[in-house]
Amino acid sequence: MLADARHVMPDTLKFEGDKRFFNAALDRAALIVHGRRSHEGQPNSPQRNRIVLTRTVAGIAGDPSNPKATLWNPAGTSFEAACGHAGVHEGTVAIIGGPDVFDLFMDRYDTFWLSEAPNVRVPDGQPVFSGVPQQTPQQILAGRGLTAGQSLVLDPANGVTVTPWQRSLQTS
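Computed from a predicted structure; not experimentally measured. (Residues numbered from 1 in each chain as written. Predicted model: local features only at pLDDT ≥ 70, side-chain atom pairs only at ≥ 80, totals over all residues. Heavy atoms only, no water.)

S.K.: Explain the nonpolar core to me, please; I cannot follow it from the model alone.
M.R.: Taken as a class, soluble globular proteins show a tendency for nonpolar side chains to be buried jointly. Within the largest apolar cluster, 25 residues are counted, with the highest numbers of intra-cluster contacts made by Val 33, Ile 51, Phe 112 and Phe 129. Put simply, the parts of the chain that give this core at least two residues each are strand 1 (31-35), strand 2 (50-53), helix 2 (79-86), helix 3 (99-104), strand 6 (111-116) and helix 4 (137-143). With 4 residues, the top contributor of residues to this core is helix 2. Residues in contact with Phe 129, not counting those within four places in the same chain, are Pro 99, Phe 102, Asp 103, Met 106, Phe 112, Pro 137, Ile 140 and Leu 141. (Core = buried A, V, L, I, M, F, W, Y, C linked by side-chain atoms within 4.5 Å. Buried < 20%, exposed > 50% of the residue type's maximum accessible area, 1.4 Å probe, protein only. Helix = DSSP H or I, 4+ residues; strand = E, 2+ residues; numbered from the N terminus. Contact = heavy atoms within 4.5 Å.)

S.K.: I tried to follow the pairing of strand 2 on my own but got confused; where do I start?
M.R.: Side chains on a regular strand alternate between the two faces of the sheet. Both faces of strand 2 are covered, namely the face carrying Arg 50 and Val 52 and the face carrying Ile 51 and Leu 53. In this structure, strand 1 lies alongside strand 2, joined through 4 bridges in parallel fashion. Paired with Ile 32 across the two strands is Arg 50, which belongs to strand 2. Both strand 2 and strand 4 (residues 66-72) contribute to a ladder of 4 bridges, which runs parallel. Bridge assignment links Leu 53 to a residue of strand 4, and that residue is Trp 72. (Pairing = 2+ DSSP bridges.)

S.K.: Explain the packing of aromatic side chains here, please?
M.R.: Two aromatic rings, taken as a pair, are described by how far apart their centres are and by the angle between their planes. Applying the stated rule across the entire model yields 8 aromatic pairs. Consider the rings of Trp 72 and Phe 105, whose centres lie 6.3 Å apart with planes at 55°: the pair is tilted. Separated by 33 residues along the polypeptide, Trp 72 in strand 4 and Phe 105 in the loop between helix 3 and strand 6 bring together distant segments of the chain. Classification of Phe 105 by relative accessible area gives buried; the value is 4%. Connected via pairs of aromatic rings, a cluster forms that spans Phe 102, Tyr 109, Phe 112 and Phe 129. (Phe/Tyr/Trp six-rings, centres within 6.5 Å; stacked < 30°, edge-to-face > 60°.)

S.K.: How should I be thinking about the side chain of Arg 48 in this particular structure?
M.R.: Secondary-structure assignment places Arg 48 in the loop between strand 1 and strand 2. Side chain to side chain, Arg 48 and Asp 27 meet in a polar contact 2.5 Å long. (Polar contact = N/O pair within 3.5 Å; in protein donor to acceptor, adjacent residues only side chain to side chain.)

S.K.: Where do I start with the pattern of salt bridges in this structure?
M.R.: Side chains bearing opposite charge may pair, as long as their charged atoms lie close to each other. Across all of its chains, the model carries 6 salt bridges by this definition. Between Arg 108 and Glu 80 there is a salt bridge, with its nearest N and O atoms 3.0 Å apart. Taken together, the residues span a long stretch of sequence, with Arg 108 in the loop between helix 3 and strand 6 and Glu 80 in helix 2 at a distance of 28 residues. Taking the shortest distance from any N to any O, the salt bridge between Asp 107 and Arg 144 comes out at 2.9 Å. In this pair, Asp 107 sits in the loop between helix 3 and strand 6 while Arg 144 sits in the loop between helix 4 and strand 7 (146-148), placing the two residues 37 residues apart along the sequence. Accessibility expressed as a relative area gives 53% for Asp 107, which makes it exposed. With relative accessibility at 36%, the residue Arg 144 sits in the partly exposed group. (Salt bridge = Lys/Arg side-chain N within 4 Å of Asp/Glu carboxyl O.)

S.K.: Any chance you could explain unusual backbone geometry here in plain terms?
M.R.: Trans is the prevailing form of peptide bonds, just as negative phi is the prevailing case for residues other than glycine. Put simply, Val 132 and Pro 133 share a cis peptide bond, and its omega is 15°. Structurally, the position occupied by Pro 133 is in the loop between strand 6 and helix 4. Within the chain, His 7 stands out as a residue other than glycine whose phi angle is a positive 70°. With respect to the helices and strands, His 7 occurs in the segment before helix 1 (16-28).

S.K.: Can you help me understand the environment of Asn 73 in this one?
M.R.: In this structure, Asn 73 sits in the loop between strand 4 and helix 2. In this structure the C-alpha to C-alpha distance between Asn 73 and Arg 6, which are 67 residues apart in sequence, comes to 23 Å. If we ignore the near neighbours within four places in the chain, the residues touching Asn 73 are Thr 54, Arg 55, Val 57, Ala 58 and Gly 59. Only 2.9 Å separates the side chain of Asn 73 from the backbone nitrogen of Ala 75, close enough to count as a polar contact.

Have a look at this one:
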């Protein structure tokens, strides 16, 4: 789970090591993509180019509350067009979710970083992907052609890890 039933990340899922890893990755990204409920809420957040998924626009629009944000409706236009509107044509794109956002990009990931806090339970929470709990996140990622790499320990005291799930390169 990545949030509680109210779509809010509970404090029980917040770990300093995970926050540091997340922040560093966002600082390296050329573009952040997220749903309307997601926002990283950090000091660097206002400086980051972002695309916010929404159904409130037909295709693409500027966000009147944030000059660094593009509002994008995937039903109305392509991701490439949204990137062009955001002025981003190359570099790393960080997809920070919710499940609808993660699901939308499932076939595009080069790497999906799956954080796990094995000692935390979020009853009736919001899963990382649709299809959870019928399948585990690992089964979903593997079923979409991604393979687990070496996990990094982010918080030894709480067993928090992050694992890169990477797409196998096709050779011909």
